[in-house]
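# Inside the fold
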Amino acid sequence: MAWGAGAWLPAQAQPPLPAAQTDLQRTRLQAGMHLIDAQLALTPQQRSAGLMWRQQMPASEGMLFVFEQPAVQCFWMKNTLLPLTAAFVADDGSIVNLVDMQPQSEANHCSAKPVRFVLEMHQGWFAKRGIQAGFKLGGAPFRPSQP
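This write-up is about the structure you can find in this document. Just so you know, these numbers come straight off a predicted model, no measurement behind them.

### Focus: unusual backbone geometry
The backbone of N79 sits at a positive phi, close to 65°, despite the residue not being glycine. Tracing the chain through its elements places N79 in the loop between β6 (74-75) and β7 (84-89). Residues other than glycine seldom take positive phi values, yet Q104 does so here, at roughly 65°. Counting through the fold element by element, Q104 comes out in the loop between β8 (95-101) and β9 (109-110). Owing to a relative accessible area of 48%, Q104 belongs among the partly exposed residues under this scheme.

### Quick word on the pairing of strand β4 (residues 34-41)
In regular strands, side chains alternate between the two faces of the sheet. Pairing analysis gives six bridges linking strand β3 (residues 26-31) to β4, with the strands arranged antiparallel. From the neighbouring strand, L29 faces β4, where its bridge partner is I36. Adjacent in sequence and paired antiparallel, β3 and β4 are bridged by two residues, among which G32 carries a positive phi angle near 65°. Where β4 and strand β5 (residues 61-71) come together, five bridges link them in parallel fashion. Paired with D37 across the two strands is E61, which belongs to β5.

### Re the state of the cysteines
Note: disulfide means a covalent bond formed between the sulfur atoms of two cysteine side chains. Using the criterion set out here, one finds one disulfide in the structure. There is a disulfide in this structure between C74 and C110, and the S-S distance comes to 1.9 Å. Because the sign of the S-S torsion sets the handedness, a value of about 110° for the bond joining C74 and C110 places this disulfide among the right-handed ones. Of this pair, C74 sits in strand β6 while C110 sits in strand β9, and the two are 36 residues apart along the sequence.

Cut-offs applied
- Residues numbered from 1 in each chain as written.
- Predicted model: local features only at pLDDT ≥ 70, side-chain atom pairs only at ≥ 80, totals over all residues.
- Heavy atoms only, no water.
- Helix = DSSP H or I, 4+ residues; strand = E, 2+ residues; numbered from the N terminus.
- Buried < 20%, exposed > 50% of the residue type's maximum accessible area, 1.4 Å probe, protein only.
- Pairing = 2+ DSSP bridges.
- Disulfide = S-S within 2.5 Å.

Here you go:
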């Protein structure tokens, strides 16, 4: 026990973690016969927070980061508590490359070419389903815009 502010406090007392964003707009994606409930990170603020501070996430849930223009997208895992795999995805839904990312790491993980979409899922989700670079995801974000 430690003494602080006129009261006895446990020495291991930790401040609460910041709130994770769990109330974003969602879309349903398909990876072959597998369905993904994807939160949409559409704004710079939503993309910046991403999956930080999440302590748990359902197995078939992920986050789809949507950027305005294709670019080489680089991600890190600062303040992210879950091990994740990032799928860098072309406009047509084709996976360009996949990278496993470790929690709390500041190492950069980048797309192999310019993309507008990055889908983060639990680490190993893609591998367990035999999904590799070149696999085509389905869903509204990957459909051509109607004129």
